[in-house]
Amino acid sequence: MTYSQRLSDGANSSDIIYLEYQIGTTKEELRIALEKQETWERELAHLKSSPIRNASEDGSEEKALMEKVNDTKTQIRTLSEQLEQLQEAMGKLGD
């Protein structure tokens, strides 16, 4: 359903504009989070495959990268759920 169709069906234009903005913002945040995840995973793979490990063999750098990957995965899940909820809300306005 197009924007004008939603308006003619009685949906509040400010609600639609707000939801469209939130959806766009959430999509952008999700894209950035996915890029970060790829970066952290690449760095982690590089670190694991490196024949010469850092002077600190305690694995702290590897643990830090694994934590970043896990945090980013959590952020991606949260953003995906938020995007789904926003899209459902937009769909309800069209009904």
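See above for the structure.
Residues numbered from 1 in each chain as written. Predicted model: local features only at pLDDT ≥ 70, side-chain atom pairs only at ≥ 80, totals over all residues. Heavy atoms only, no water.

Trainee: Is there a simple way to explain the overall build of the protein chain in this structure?
Mentor: Helix and strand counts for the protein chain come out as three helices and zero strands. Here the analysis covers contacts within the protein chain between residues at least 6 apart in sequence; of these, 69% occur between residues at least 24 apart. Surface summary for the protein chain: the accessible area is close to 6,700 Å², and the carbon and sulfur share equals 52%. (Helix = DSSP H or I, 4+ residues; strand = E, 2+ residues; numbered from the N terminus. Contact = heavy atoms within 4.5 Å. Areas by Shrake-Rupley, 256 points an atom, 1.4 Å probe, with all protein chains shown as cover.)

Trainee: What exactly am I supposed to notice about helix α3 (residues 60–94) here?
Mentor: Owing to its 3.6 residues per turn, the α-helix aligns residues three or four sequence positions apart on the same side. Counted at 1.5 Å a residue, the expected span for α3 with its 35 residues is 51 Å, and the 51 Å between its end C-alpha atoms agrees. Here α3 has its buried residues at E62, L65, V69, T72, I76, L79, L83, L86, M90 and G94. (Expected span 1.5 Å × (residues − 1). Buried < 20%, exposed > 50% of the residue type's maximum accessible area, 1.4 Å probe, protein only.)

Trainee: Please explain the nonpolar core as it appears in this structure.
Mentor: Of all hydrophobic cores here, the largest spans 10 residues; its members are I16, L19, I23, L30, A33, I76, L79, L83, L86 and M90. Put simply, the parts of the chain that give this core at least two residues each are α2 (13–49) and α3. Grouped together as the second largest cluster of nonpolar side chains are five residues, W40, L44, L65 and V69 included. (Core = buried A, V, L, I, M, F, W, Y, C linked by side-chain atoms within 4.5 Å.)

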